[in-house]
Structure formats: structure tokens, C-alpha cells
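Residue strings, one per chain:
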Amino acid sequence: DTGVSQNPRHKITKRGQNVTFRCDPISEHNRLYWYRQTLGQGPEFLTYFQNEAQLEKSRLLSDRFSAERPKGSFSTLEIQRTEQGDSAMYLCASSLGVQGLDYGYTFGSGTRLTVV
Amino acid sequence: DAKTTQPPSMDCAEGRAANLPCNHSTISGNEYVYWYRQIHSQGPQYIIHGLKNNETNEMASLIITEDRKSSTLILPHATLRDTAVYYCIVRGAYNTDKLIFGTGTRLQVFP
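Residues numbered from 1 in each chain as written. Chains lettered and ligands numbered in written order. Predicted model: local features only at pLDDT ≥ 70, side-chain atom pairs only at ≥ 80, totals over all residues. Heavy atoms only, no water.

A. Seen up close, the environment of L60(A). Residues and elements named next belong to chain A. For L60, the location among the structural elements is in the loop between strand 6 (53-57) and strand 7 (65-68). Judged by its relative accessible area of 33%, L60 falls in the partly exposed class. Sequence-distant contacts of L60, defined by excluding residues within four places in its chain, comprise R36, E44, F45 and L46. (Helix = DSSP H or I, 4+ residues; strand = E, 2+ residues; numbered from the N terminus. Buried < 20%, exposed > 50% of the residue type's maximum accessible area, 1.4 Å probe, protein only. Contact = heavy atoms within 4.5 Å.)

Structure (C-alpha cells):
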């Protein structure tokens, strides 16, 4: 297992287009998180899955954003009708949660989105 | 989650110890202190975490004050590859709380 994998690494899209990012977590990790990071800021939480269930969504996740984790494995994050303000690094992380105890996150290298 | 306060930037000479402070005066009794770092263009990387005892691993040491209101991450022999943004985060371990990142400390290690 090579860690958390995110694809693509870079995406340039025109305003108004839809984009989809993929995250492949560490195989035995049951929790998966999406974060967004803009220049000079720390990562901001977007949403969280435990297995296939989406348990929490940030207010940052507008109705143009949707995330899925079918079968509790990989996850996709889709942004519809992209806006220039969506330009950011989108980070995925996974963790192993057992009986409520979380052993820390492993992050991927992120997908950098540029909306032009 | 409790908030943390970190200096925005620090410098350290290569080979010297880097001591990164963090204040978390509102930490609760069941909350841990976590440290992550983020090297340019990469995702954050877990470094270490602790509850109240000092902790050490192959990457760093974590010193938590007796009242748990502050902590220090120590990189014993900083190298140029340790140049990164370091985040101090407080969260409970026995729940589903997500990691809440601040703006961190930008550590610059110079030759």
C-alpha cells in the first residue's frame, strides 16, 4: 500500500464546468476526509465518511459540491458549475477508527484546481 | 475543538534544535495535542501526539506543560528538509471530531 492516492494532481477548468476528483484511501482505513486549502491558509474541513456513510458536511460544502464513497472504498468529490473561488488544493485523508479511537490521519498529496 | 495559538514563523540553523511553541489554554481534560507538518506542495504529515506525558518518536519530541495549557514540539537536529509549516491541533481521540487546522508556524531551516 503506497498511502493515500489522489487524482488528478492538477486540474485546470473553465468557469461553469463540472470537475470530479478521486481519492483512494489506505485500504484498511474506514474513515475518509476531504479538505480544501487556499494559499497561506491551513486545510479547511469539507466532509467526512465512515465506510460508505457520509457523516458530516461543513457549511463550506455548498450545494454545488457533492461527495460519494460507494462501497466504502474510494471517494469522489464533484464540483458543479465551478467558480473562480473554487480554485484551491483539495486534500483527501484517511484514518483507521476502531471503537471510537482514531489513530491519526494520512493525507494524500492533493488535487490542485485552477478555475479560469 | 479548543483553539491553538502559534507564532506565524520561525527560523532555525541546520543541525540545531528547533523548538516550536503552541498555546492551548482552553484544552479539555480528554483532548490530545497533535502536531502535523506540511512541506510545500504536499499534504500534511502526522508527526506526533500526546495527552499529558512527554512523547518522543523518530521524528520529534513533544513536551506538554503540567497544566497542559501549552506544548513545544522539538526537532532535535533540524535539516533543510524540515522546512515546512507546522500545525498544532487539539482534538479528542475518542470521538469523530475532525482535525481543525489553524495557520500554523512556518519553520525555515537555513544552512
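Having seen it, we continue.
B. Local environment of the pairing of strand 13 (residues 111-115) of chain A. All names here are of chain A. Residues of strand 13 alternate between two faces, with T111, L113 and V115 buried on one and R112 and T114 left unburied on the opposite face. As judged from the four bridges shared by strand 2 (residues 10-13) and strand 13, these two strands associate in the parallel manner. Paired with T13 across the bridge in strand 13 is V115. Here strand 9 (residues 88-95) runs beside strand 13; their pairing, made up of three bridges, is antiparallel. Bridging across to strand 13, A88 finds its partner in L113. (Pairing = 2+ DSSP bridges.)

C. Molecular detail of the state of the cysteines. Residue and element names in this part refer to chain A. Enumeration over the complete set of coordinates arrives at two disulfides over all chains. Paired by a disulfide, C23 and C92 hold their sulfur atoms 1.9 Å apart. Of note, the bridge from C23 to C92 carries an S-S torsion of about -70 degrees and is left-handed in sense. Separated by 69 residues along the polypeptide, C23 in strand 3 (residues 19-24) and C92 in strand 9 bring together distant segments of the chain. (Disulfide = S-S within 2.5 Å.)

D. Fine view of the interface of chain A and chain B. Across the contact, 21 residues belong to chain A and 20 residues belong to chain B. Between chain A and chain B lies a buried interface of about 1,600 Å² when both sides are counted; carbon and sulfur atoms form 53% of it. Where chain A packs against chain B, one counts zero salt bridges. Taken together, the connections running from chain A to chain B amount to five residue pairs in polar contact (both at pLDDT 80 or more). Breaking the side of chain A that touches chain B down by element, the ones donating at least two residues are strand 4 (31-37), strand 5 (44-50) and strand 11 (101-102) of chain A. In terms of residue count, strand 4 of chain A provides more of the side of chain A that touches chain B than any other element does, four residues in total. Of the residues that constitute the side of chain A that touches chain B, the class distribution is nine nonpolar, eight polar and four charged. (Buried area = accessible area lost by both parts, 1.4 Å probe. Salt bridge = Lys/Arg side-chain N within 4 Å of Asp/Glu carboxyl O. Polar contact = N/O pair within 3.5 Å; in protein donor to acceptor, adjacent residues only side chain to side chain. Nonpolar A, V, L, I, M, F, W, Y, C, P; charged D, E, K, R; others polar.)

E. Spotlight on the environment of F49(A). Within the secondary structure layout, F49(A) lies in strand 5. Once residues within four sequence positions are removed from consideration, F49(A) is found in contact with N30(A), R31(A), L32(A), W34(A), Q54(A), A67(A), E68(A), R69(A) and S75(A).

F. Quick peek at the nonpolar core. Formed by 21 residues in total, the largest nonpolar core has its most connected members in W35(B), L73(B), Y86(B) and L107(B). Secondary structure elements with two or more residues in this core: strand 2 (18-23), strand 3 (31-38), strand 4 (45-50), strand 6 (61-64), strand 7 (70-75), strand 8 (84-92) and strand 9 (105-110) of chain B. At four residues, strand 8 of chain B tops the list of elements feeding residues into this core. Those residues within four positions of L73(B) in sequence are excluded, and the remaining contacts are A18(B), N19(B), L20(B), W35(B), I47(B), I48(B), A60(B), S61(B) and Y86(B). Residues V19(A), A67(A), L77(A) and C92(A) belong to the second largest nonpolar core, which totals 19 residues. (Core = buried A, V, L, I, M, F, W, Y, C linked by side-chain atoms within 4.5 Å.)

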